[in-house]
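Single-letter residue listing:
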Amino acid sequence: MMNKRTLSRFGNKFLMIVFAGFLLISCQSNSQVLKEITQGNRTKYNFNPDWKFIQENPENAEVFNYDDTSWSTVSAPHTFNDVDTFDDFSLGGHKGEKNQWRGTVWYRKHFKLPAADAGKKVYIEFESVRQIADVYVNGKYLGQNQTGFIPFGYDLTPYLNFGDKENVIAVKVNNDRNSDDFRDNDPLVWNHEHWHPTHGGIYRNVFLHTMDPLHITLPLYDNLKTVGTYVFADNVSEKSADVTVKAEVKNEYNEDKNVTFEAVIVDKDGNVVQTAKASETIKAGQQFTFETTTSVLNPNLWYTRNPYMYKVVSILKEGNTVLDTYETPLGIRSFEFNKDTGFHNNGEYAKLHGWGQKPTNTWAGLGAALPDWLRDYTYQLMDEAGGNFIRWGHCAGSPAEIAMGDKYGFVTLMPGVAGESQDEGETWKIRMEAFRDMIVYYRNHPSIFIWEGGNWAETPEHYEEILDIINTFDPNGKRLMGNRRSDTKTESENYVTIEVGTEGWQREFASLPIIESEYLRDEAPRRAWDKSTPDDNFWTHPNISKNTYQIGSEEFAVRQADHWWNKMGRKSYHSGGANWVFTDGPHGGRNPTEVTRASGEVDAVRLPKEAFYAVKSMWRPEPQVHVIGHWNYAEGTKKDMFVISNCAEVKLYINNKLIGTNSAAKNGYVYEFSDVAFEAGEIKVEGYVDGKLLVTQTKKTVGEPVAIKLTTMTGPKGWRADGSDIVLIDFEVVDKNGDRCPLDKDRVDFTISGPGIWRGGYNSGKEKSTNNLYLDTECGINRVAVRSLLEAGTVKITASRDGLTSASVEITSLPIAIENGLTTELPQVFDVALVEEPLPIYTPKMEAYDPGDDNRSDLFSKFSYTGDAKAMLRTTMDWGKKAYTDLDMNYTVIPSYLRGAEYVRTPDSDKGYWARDLLQFIAGADMDIYVLHDDRVSRPEFLLKDYVDTGDDLVIGGVTMSIFKRTAKAGESIVMAGNSDGEIPKECRMYTVIGKKK
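Conventions adopted
Residues numbered from 1 in each chain as written. Predicted model: local features only at pLDDT ≥ 70, side-chain atom pairs only at ≥ 80, totals over all residues. Heavy atoms only, no water. Helix = DSSP H or I, 4+ residues; strand = E, 2+ residues; numbered from the N terminus. Rg over C-alpha atoms; globule rule 2.2 N^0.38 Å. Buried < 20%, exposed > 50% of the residue type's maximum accessible area, 1.4 Å probe, protein only. Areas by Shrake-Rupley, 256 points an atom, 1.4 Å probe, with all protein chains shown as cover. Lys, Arg positive; Asp, Glu negative; His and termini not counted. Charge placed at Lys NZ, Arg CZ, Asp CG, Glu CD. Expected span 1.5 Å × (residues − 1). Pairing = 2+ DSSP bridges. Axes fitted to C-alpha atoms, helices over the stretch in contact; angles between N-to-C directions. Contact = heavy atoms within 4.5 Å. Patch = residues over 30% accessible without salt bridge, like charges linked within 9 Å, V, L, I, M, F, W, Y side chains within 5 Å. Salt bridge = Lys/Arg side-chain N within 4 Å of Asp/Glu carboxyl O. Parallel < 35°, antiparallel > 145°, perpendicular 65-115°, else oblique. Left-handed = near helix turned anticlockwise from the far one by under 90°. Phe/Tyr/Trp six-rings, centres within 6.5 Å; stacked < 30°, edge-to-face > 60°. Lys NZ or Arg CZ within 6 Å of the ring centre and 35° of its normal. Polar contact = N/O pair within 3.5 Å; in protein donor to acceptor, adjacent residues only side chain to side chain. Nonpolar A, V, L, I, M, F, W, Y, C, P; charged D, E, K, R; others polar. pLDDT = per-residue confidence, 0-100.

A closer look at the overall build of the protein chain
Link 1 in the chain: Within the protein chain, the secondary structure is distributed over nine helices and 57 strands.
Link 2 in the chain: Its C-alpha radius of gyration of 29 Å places the protein chain within 12% of the 30 Å reference for a compact globule of 998 residues.
Link 3 in the chain: The principal-axis extents of the C-alpha atoms in the protein chain amount to approximately 90 × 75 × 65 Å.
Link 4 in the chain: Counting only residues that meet the buried cut, the protein chain has 63% of its 998 residues in that class.
Link 5 in the chain: Element-wise, carbon and sulfur atoms account for 46% of the exposed surface of the protein chain, whose accessible area totals about 34800 Å².
Link 6 in the chain: Across the protein chain, 111 positive and 142 negative side-chain charges occur, with their mean positions spaced 2 Å apart.

Set out below in structure tokens:
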């Protein structure tokens, strides 16, 4: 918990704390400070537009005068294999989409710098490149970065031309991998579609920084070995907070400089709150860190529901001349993760709910190359759905997205780079350097509350290294550190300060607080409503028998409440956690009916599923009610209707006739109305608290399709002609009243003219649907994208289908000022007004919850199970004992050596579920472990590798199970994957596990 101390008030004066040699000064006027902020020699150029690109690996492409005139012209963010993704069915088994182009490509950018900049320092910053980037300037090799997700930069100054002379940056990019098996993909184990689609390219922003030779450094440790600023708050209360500003300064003049440093704290309205000042003589070539601490009285605190942001402007002066300015975000907050009472923000209880999200943020038709405003749009959707927590998995999010966490109030669990392994050698070295670079770059963001050391448990030596990096580069952040699956090693508890759980069934470390990293890994496509609705190529799909999840949108939405409430929501000690994941994408799917992993609350073009409205109805603090589904069923249909609401009572009406009242929610938020008979017209639901009507929702029967409707969406500054900006076009099929037809699922054809590149969209259950000038609606709507060129102008798009009234739309891309390859127009994001959210209107009664000893065992220590259903530990194995948690089948005749053993009841429903870490425990003693496996199923790798067939069999419910055995030493970590690594027959059983002390 962050320390709290109330500082004494001194009337209307403020208290300023300064370190030795620092001066006490009074606040300057806003106008004077703001004027100084705009001065100085620093310029940040947007370096994204107008690169030359070739999807080949020609010799000498780094040479200054290489002829690249025949190459394509592109702009960053750019993905060079975006056209061959979302076009193949998922392979199942969490394998991800494999058929993406991989190899080596080149980018080259020509630019000129003003003659006036000849005396400046010039740095290039890449927000990241996938996967390996070799960078050259004017033929000079600068270095290599192979993290794929962490910002890095280089000093270009010694090699540049100024004035009329041209410069060329050349970047060789390779996105290949060494092995189809992600475990063998050393050293870059995270560069695999098991984790992230292998989108290659300069897929995030690039900036060029010019600055005075006397300047505040950039937080780009890789290569530059600089750390920039470090800003943090101590002794936080509603009355005051002590804000410390550290600024690393370099004097690259050939002479000593007498320097004045000012740290100016500015509130969100641009008002100067405090100013601290210090002076120092910095020797030629010296690197020096200024440090000031000042007190902010009555600070506006950063809450998840009111994320108030200040900024700190650091100013360097020589005499009265401003040489350099630099802005750093500041959020003043305290927090506590408590093992017994959960999460508290500035002393206020808050349940954390949100998502894991892949840092590639893959978008159908666009790959991973998204303008920042589209990343912002995704964050807006998460905010609308009531999110306040995000776990980036399993590599770092982008700079823009971490700033959005600050802006929207999302507690962030932040990793460096990782796969799912305990790594050694070169892999570990790259990981730790990336972890260090990530902390240096992001440590000033108040939304980051937890550093994730890795996606698997580490050795004590590795934990020590992780903690040393944190203590060196973020010693005052007070952030927690955790590793997902740290429970695979007993010694983890000596190092991690928060348990990063998996699938949320229970805590493994009684002495630690817990946050969930990835619960509800189910999958369902947006297009499949329910089994009472005409099928849209899902339940009748030829691959349906191979699906791990054979559920539609309705059941997926209902499961949101089940998993949330039972795994986290009702547990008073649980801090909350991350629904896995927010957006569909071609990574690690388990349903071969889809071209994505369909685990998101929104699909791969960010159109919401019913699950989106389900979590919104649970998590938003304002009154919410949502009836799941549509109201366009066939006459005579009777079905159960489900309503999700954060109210205490729900009423359901059909054509204004009260059908039922329900005040007994299942799983906290689900109100079920059984056997509701469909009547054309209107279905209405109302939400009540304490008998008072607070919220209403109505859905109606929609008529026959008559027309197509088009709606465009751009960033807040319009569609920019920068070569990478996107305009989105939603196309809907509507009835005569303009209402969307929720069952429409047919093809729409498009024409396009004007300066734009058609990127299209996708159909989730069809191969090769991307990048075509046609697309099906799904549930009456779909979304396509058009990319801008460097040429501004008007693009006309027409959508048509036989029998419907066509629709056209014109959208004009707006010119940007690019001079000599440079522009000062930075990537656009939304300017969102700060609105304080209320406290929740109603919270379902949380019974005093005892985590209990159901899954505690001295033999199966640190037991966890990550499947869709719950496994249970039991003792005293014998005949007559129940074998599965979800089948009434008992062990009958068993070998004598199994009697008296402890055993695991697994759920038979998970027989087709695959996860590397499906079942895990630490041997509490020297023991024999037995796995009973149905040999109608192909034996999984873990069984073949670690276990021996005893030759004995055991019959459960008429099915013969082969008995496999291994011996484990006390303290040994045991990890078991799924029932099979491939497809399973329709008729088969899940394995069960038995352990007996030696």
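Points about helix α5 (residues 425-442)
Link 1 in the chain: Along its 18 residues, α5 runs 26 Å from first to last C-alpha, staying within 8% of the 26 Å computed at 1.5 Å per residue.
Link 2 in the chain: Judged by how many residues are buried, α5 sits mostly within the fold: 14 of 18 residues are covered.

Looking at helix α8 (residues 610-619)
Link 1 in the chain: Most of α8 is tucked away: nine of the 10 residues are buried.
Link 2 in the chain: The set of residues buried in α8 consists of E610, A611, F612, A614, V615, K616, S617, M618 and W619.

Concerning the sheet that holds strand β38 (residues 670-677)
Within a sheet, neighbouring strands are paired by backbone hydrogen bonds and run either parallel or antiparallel to one another.
Link 1 in the chain: What the three strands build is an open sheet, ordered β34-β35-β38; its pairing is antiparallel. What marks the edges here is a single partner per strand, and that holds for β34 (625-627) and β38. When the angles between neighbouring strand axes are averaged without regard to direction, this sheet yields 20°.
Link 2 in the chain: Relative to β38, strand β35 (residues 638-645) runs antiparallel, the two being bridged by six bridges. Looking at the pairing, F642 lines up with E672 of β38.
Link 3 in the chain: Contacting β35 and β38, helix α7 (residues 553-569) runs over the sheet at an angle of about 40° to β35.

Here we look at a negative patch on the surface
Link 1 in the chain: Taken together, the side chains of D184, D186, E426, E941, D946 and D981 make up a negatively charged region of the molecular surface.
Link 2 in the chain: Looking at the element boundaries, D981 is found in the loop between β56 (973-976) and β57 (992-997).

Notes on the packing of α5 against helix α6 (residues 460-473)
Link 1 in the chain: Contact geometry for α5 and α6: axes closest at 9 Å, N-to-C directions at 25°. In terms of axis orientation, α5 runs roughly parallel to α6. Pair α5 / α6 crosses with right-handed handedness. Two secondary-structure elements touch here, α5 through W428, M432, F435, R436, I439 and V440 and α6 through H462, E465, I466, I469, I470 and F473.

Observations concerning the packing of aromatic side chains
Link 1 in the chain: Enumeration over the complete set of coordinates arrives at 46 aromatic pairs.
Link 2 in the chain: Each residue in the set F47, W51, F53, F80, W101, Y107 and F111 is aromatic and connected to the rest through ring pairs, giving one cluster.
Link 3 in the chain: One residue, R966, lies across the ring of Y947, its end atom 5.7 Å from the ring centre.

A closer look at the side chain of S599
Link 1 in the chain: Tracing the sequence through the fold places S599 in the loop between β33 (576-580) and α8.
Link 2 in the chain: According to the relative accessible area criterion, S599 is buried, its value standing at 0%.
Link 3 in the chain: Polar contacts involving the side chain of S599 include one to the main-chain carbonyl oxygen of R521, which spans 3.4 Å.
Link 4 in the chain: Separated by 2.9 Å, the side chain of S599 and the backbone oxygen of D522 make a polar contact.
Link 5 in the chain: In this view, S599 contacts R521, D522, E523, F556, W580, V581, D584 and K609; residues no more than four positions away in its chain are not counted.

Examining the pairing of β35
Within a regular strand, side chains alternate between the sheet's two faces.
Link 1 in the chain: By the criterion of burial, β35 is predominantly enclosed, with six of the eight residues buried.
Link 2 in the chain: Taken together, the three bridges between β34 and β35 define a ladder with antiparallel strand orientation. Paired with V627 across the two strands is V643, which belongs to β35.

Some words on the side chain of D908
Link 1 in the chain: Tracing the sequence through the fold places D908 in the loop between β51 (902-905) and β52 (919-923).
Link 2 in the chain: When neighbours within four sequence positions are excluded, D908 is seen to be in contact with Y884, D886, L887, C988, R989 and M990.

Here's the deal with the sheet that holds strand β49 (residues 860-865)
Link 1 in the chain: Strands sit in the order β49-β52-β56 across an open sheet of three strands; the sheet is antiparallel. Every interior strand has two partners, whereas the edge strands, β49 and β56, have only one. Geometrically, the sheet is characterised by an average inter-axis angle of 10° between neighbouring strands, direction not taken into account.

Description of the packing of α7 against α8
Link 1 in the chain: As a packed pair, α7 and α8 sit with axes 8 Å apart at the nearest point and diverge in direction by 30°. It follows from the interaxial angle that α7 and α8 lie roughly parallel. Judged by the sense of rotation from one axis to the other, the crossing of α7 with α8 is right-handed. Between α7 and α8, the residues in contact are S553, F556, A557, Q560, A561 and W564 and E610, A611, A614, V615, M618 and W619, respectively.
Link 2 in the chain: A breakdown of the residues in the contact of α7 with α8 according to their chemical character gives nine nonpolar, two polar and one charged.

Details of the pairing of strand β12 (residues 206-211)
Link 1 in the chain: Where burial is concerned, most of β12 is hidden: six out of the six residues are buried.
Link 2 in the chain: Across the two faces of β12 the burial is the same, with V206, L208 and T210 and F207, H209 and M211 all buried.
Link 3 in the chain: Across six bridges, the pairing between strand β7 (residues 121-126) and β12 is antiparallel. Residue pairing for β12: E125 is matched across the bridge by F207.

Focus on the pattern of salt bridges
Link 1 in the chain: Counted under the stated rule, the structure contains 69 salt bridges.
Link 2 in the chain: As a salt-bridge pair, E255 and K257 come within 3.2 Å of each other at their nearest N and O atoms.
Link 3 in the chain: Among the residues examined, K257 registers a relative accessible area of 6% and is labelled buried.
Link 4 in the chain: The residue R431 makes a salt bridge to D423 at a minimum N-O spacing of 2.8 Å. The burial state of R431 is the same as that of D423; both residues are buried.
Link 5 in the chain: Via salt bridges that share partners, R391, E420, E452, R484, R485, D487, E518, R521, R916 and D917 belong to a single interconnected network.

Digging into the environment of T275
Link 1 in the chain: Position of T275 among the secondary structure elements: in strand β17 (residues 272-282).
Link 2 in the chain: When the C-alpha positions of T275 and T497 are compared, they lie 35 Å apart, and in sequence the two are 222 residues distant.

A short note on the confidence of the model for the protein chain
Link 1 in the chain: Averaged over every residue, the pLDDT of the protein chain is 93; residues scoring 70 or more account for 95%.
Link 2 in the chain: In this model, residues 1-28 is a region of pLDDT below 50 whose contacts with residues beyond four sequence positions or in other chains number 67 contacts.

Focus on unusual backbone geometry
Link 1 in the chain: Following A76, the chain continues into P77 via a peptide bond in cis, with omega recorded as -5°.
Link 2 in the chain: Note that P77 resides in the loop between β5 (72-74) and β6 (104-111).
Link 3 in the chain: Despite not being glycine, R485 shows a phi value in the positive range, around 60°.
Link 4 in the chain: Relative to the assigned elements, R485 resides in the loop between β30 (480-483) and β31 (499-501).
Link 5 in the chain: On the basis of relative accessible area, R485 is assigned to the buried category, the value being 1%.

Regarding the environment of R333
Link 1 in the chain: Checked against the element boundaries, R333 lands in the loop between β22 (321-330) and β23 (335-338).
Link 2 in the chain: The sequence separation of R333 and N235 amounts to 98 residues, and the corresponding C-alpha distance is 9.6 Å.
Link 3 in the chain: Of the polar contacts made by the side chain of R333, one reaches the backbone oxygen of I448; its length is 3.3 Å.

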